[in-house]
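Take a look at the letters that make up each chain.
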Amino acid sequence: MVVNHVKRAFKYRFYPTDVQAAELSRTFGCVRKVYNMALQARTEAWTLRQERVNYNATSAMLTQWKKIEELAYLSEVSSVPLQQTLRHLQGAFANFWNKRAKYPTFKSRKKSRRSAEYTTSGFRYRDGRLTLAKMADPLDVAWSRPLPEGAEPSTVTVSQDSAGRWFVSMLCDDRPGMSAPVNVAVGIDAGVTSLLTLSTGERITNPKFERRDRERLARAQRDLARKAEGDGRNRAKARLKVGRAHARIADRRRDFLHKLTTRLVRENQTVVIEDLSVRNMIRNRKLSRAIADASWSELRSMLEYKAQWYGREVIAVDRWFPSSKLCSHCGTLQGRMPLNVREWTCGCGTTHDRDVNAAINILAAGLAVTACGDGVRPQRSTPGGQSSVKQEGVPAPRTRGVSQPRG
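Residues numbered from 1 in each chain as written. Predicted model: local features only at pLDDT ≥ 70, side-chain atom pairs only at ≥ 80, totals over all residues. Heavy atoms only, no water.

Q: Explanation requested: the overall build of the protein chain in the structure shown.
A: Check the secondary structure of the protein chain and you find 10 helices and 17 strands. Sorting the 407 residues of the protein chain into buried and exposed places 45% on the buried side. Pairs at least 24 apart in sequence give 74% of the contacts found in the protein chain among residues at least 6 apart. Carbon and sulfur atoms provide 50% of the accessible area of the protein chain, an area that totals close to 22,100 Å². (Helix = DSSP H or I, 4+ residues; strand = E, 2+ residues; numbered from the N terminus. Buried < 20%, exposed > 50% of the residue type's maximum accessible area, 1.4 Å probe, protein only. Contact = heavy atoms within 4.5 Å. Areas by Shrake-Rupley, 256 points an atom, 1.4 Å probe, with all protein chains shown as cover.)

Q: Honestly, the pattern of salt bridges in this entry has me stumped. Any pointers?
A: When the charged atoms of two side chains lie near each other, side chains of opposite charge can form a pair. Enumeration over the complete set of coordinates arrives at 25 salt bridges. The salt bridge involving Asp174 is made with Arg8; its shortest N-O contact spans 3.0 Å. Of this pair, Asp174 sits in strand S8 (residues 166-174) while Arg8 sits in strand S2 (residues 6-14), and the two are 166 residues apart along the sequence. A salt bridge links Glu210 to Arg289, with the nearest nitrogen and oxygen atoms 3.1 Å apart. Of the two residues, Glu210 is situated in helix H4 (residues 209-212) and Arg289 in helix H8 (residues 288-294); the sequence distance between them amounts to 79 residues. (Salt bridge = Lys/Arg side-chain N within 4 Å of Asp/Glu carboxyl O.)

Q: What is the right way to look at a nonpolar patch on the surface in this model?
A: A cluster of nonpolar side chains, Phe96, Trp97 and Tyr103, forms an exposed patch at the surface whose accessible area comes to about 250 Å². Within the secondary structure, Phe96 sits in helix H3 (residues 79-97). (Patch = residues over 30% accessible without salt bridge, like charges linked within 9 Å, V, L, I, M, F, W, Y side chains within 5 Å.)

Q: For this particular structure, what's the right way to read the side chain of Thr155?
A: Along the chain, the position of Thr155 falls in strand S7 (residues 155-160). Taking the relative accessible area as the measure of exposure, Thr155 reaches 16% and is therefore buried.

Q: Sorry if this is basic, but what is going on with the environment of Leu276 here?
A: Within the secondary structure, Leu276 sits in the loop between strand S13 (268-274) and helix H7 (278-281). Along the primary structure Leu276 and Ala316 are separated by 40 residues, whereas in three dimensions their C-alpha atoms are 8.8 Å apart.

Q: Quick question: what am I supposed to make of the nonpolar core here?
A: Nonpolar side chains tend toward joint burial in soluble globular proteins. Core analysis: the largest hydrophobic core is formed by 41 residues, its most contacted members being Leu24, Leu132, Val158, Val168 and Met170. It is helix H1 (residues 18-49) that provides the largest number of residues to this core, a total of 10 residues. Those residues in contact with Met170 that sit more than four places away from it in its chain are Arg8, Ala9, Phe10, Tyr12, Tyr125, Leu130, Trp143, Leu147, Pro153, Thr155 and Val156. Grouped together as the second largest cluster of nonpolar side chains are 30 residues, Val6, Val265, Leu276 and Val278 included. (Core = buried A, V, L, I, M, F, W, Y, C linked by side-chain atoms within 4.5 Å.)

Q: So what exactly am I meant to see when it comes to H3 here?
A: Note on helix geometry: an α-helix contains 3.6 residues per turn, so any two residues three or four positions apart are oriented the same way. For H3, built from 19 residues, the straight-helix expectation of 27 Å at 1.5 Å per residue is met to within 8% by its first-to-last C-alpha distance of 28 Å. Listed as buried for H3 are Val80, Pro81, Leu82, Gln83, Gln84, Thr85, Leu86, Leu89, Ala92 and Phe93. Packed against the buried residues of H3 are H1, helix H2 (55-65) and strand S3 (114-119). Its side-chain oxygen placed 3.3 Å from the backbone nitrogen of Val80, Ser78 serves as the N-cap of H3. Lys99 occupies a position one or two residues after H3 and carries a positive phi of about 60°. (Expected span 1.5 Å × (residues − 1). Polar contact = N/O pair within 3.5 Å; in protein donor to acceptor, adjacent residues only side chain to side chain.)

Q: Would you explain the sheet that holds S3 in this entry?
A: Strand pairs in the sheet, formed through backbone hydrogen bonds, run parallel or antiparallel to each other. Spatially, 5 strands are ordered S3-S7-S8-S2-S6 in an open sheet, and the strand pairing comes out antiparallel. At either margin of the open sheet sits one strand with a lone partner, and together these are S3 and strand S6 (141-142). Bridge count for S2 against S8 is 9 bridges, and the pairing is antiparallel. The residue of S8 that forms the bridge with Arg8 is Cys172. (Pairing = 2+ DSSP bridges.)

Q: Explain helix H9 (residues 296-309) to me, please; I cannot follow it from the model alone.
A: For H9, built from 14 residues, the straight-helix expectation of 20 Å at 1.5 Å per residue is met to within 8% by its first-to-last C-alpha distance of 20 Å. By the criterion of burial, H9 is predominantly enclosed, with 10 of the 14 residues buried. Residues of H9 that are buried: Trp296, Leu299, Arg300, Met302, Leu303, Glu304, Tyr305, Lys306, Ala307 and Trp309. Immediately beyond the C-terminal end of H9, within one or two residues, lies Gly311, with a positive phi of roughly 70°.

Q: Would you take a moment to explain the pairing of S8 for this structure?
A: The two faces of a sheet get side chains in turn, since along a regular strand they alternate between them. One ladder, built from 6 bridges, connects S7 with S8; its direction is antiparallel. Across the sheet, the residue bridging to Thr157 is Ser169, located in S8. What sits between S7 and S8 in their antiparallel hairpin is a turn of 5 residues, with Gly164 showing a positive phi close to 85°.

Q: For this particular structure, what's the right way to read the packing of helix H5 (residues 214-226) against helix H6 (residues 232-267)?
A: If you want to describe how two helices pack, look at the angle between their axes and the distance between the axes. Where H5 contacts H6, the two axes come as close as 8 Å, and the packing angle between them is 160°. Viewed along their axes, H5 and H6 adopt a mutual orientation that is roughly antiparallel. Here H5 and H6 pass one another in a crossing that is left-handed. Residue-level inspection shows Arg216, Leu217, Ala220, Gln221, Asp223 and Leu224 of H5 in contact with H6, the latter providing Arg235, Ala238, Arg239, Lys241, Val242, Ala245, His246, Arg248 and Ile249. Its residues placed into classes, the contact of H5 with H6 shows 7 nonpolar, 2 polar and 6 charged. (Axes fitted to C-alpha atoms, helices over the stretch in contact; angles between N-to-C directions. Parallel < 35°, antiparallel > 145°, perpendicular 65-115°, else oblique. Left-handed = near helix turned anticlockwise from the far one by under 90°. Nonpolar A, V, L, I, M, F, W, Y, C, P; charged D, E, K, R; others polar.)

If you want it as structure tokens, here you go:
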């Protein structure tokens, strides 16, 4: 059994009292306000004086802001989430400087995530009871699964989604274990009709959760569109209805992906996938809705962090590798092959199912990377800056390994 030491978040739903809900709502508002003020201060300092403002400087600013009469309400909530949002802003700037993300943007009251993060000085966890700073009573948490034995949360994040549900996420040290895999490796070809096709020939059907609930979502969105901006309660009810429709789709999709990725990681030591540029592919207006519903990016993310947890390996094959057009039997590269061609016969006489053949070729290319120890290959930009289908323009297989993210 493989056991790794990782940081793991355990998420639970909870049901706050009216007093607790009001306190958390105030905290969310203050967190958003402090983040926006600090972002504005840092932006102005650089624009006007070419001066970089770091976390320590914004922390000192926060102390001064609390002394201003108009901002005195910042002192009414716990200072821990306010300090944490300044650290998050520092991380956002670090990602921007290292070209991992765009320049930080201001948080919107309507669109931004409502959340607050507490470190150990901002909460108390004793005997299965969680109490946050500035609150007299513990939260009514639905403990759907136990925390790891002897685990003590290092951070607690409280959030409220668009459907009005409250969640608490507790970050703990964990040592997840999993038995030895059944298979050495498997290749995976992602699709829209079949969500995944494995090199073993197995097809995993795409549940298409968004398509199944599309009518319900469209009706809720039409009702919201009819409500005027000043129609307070009715518009809020309509917005909540839309949020619940989205939450239903997202919850069912996430549950399916968790079960699927856990199964793939449990059964295989090495999982080989395609390095698809989903951001570019989704620009195709004919396929964008289906690609978004398939949620390939989330599936890959789950595979990667679960592989790290359980000592498995995920390898990504370059998106330009012609997996569909390459005969897995003789290695002959075919010419142009439109998406409507689902079966084809090679000159050697072998008849291929397009997706199964692609999965077999993806597996072979991934195993070649493992055998030769090929280095990490930099990303190639797509011609014209976008692509609506899987890119298969390079005859020679070029592959790269995937570095595992934090758990």
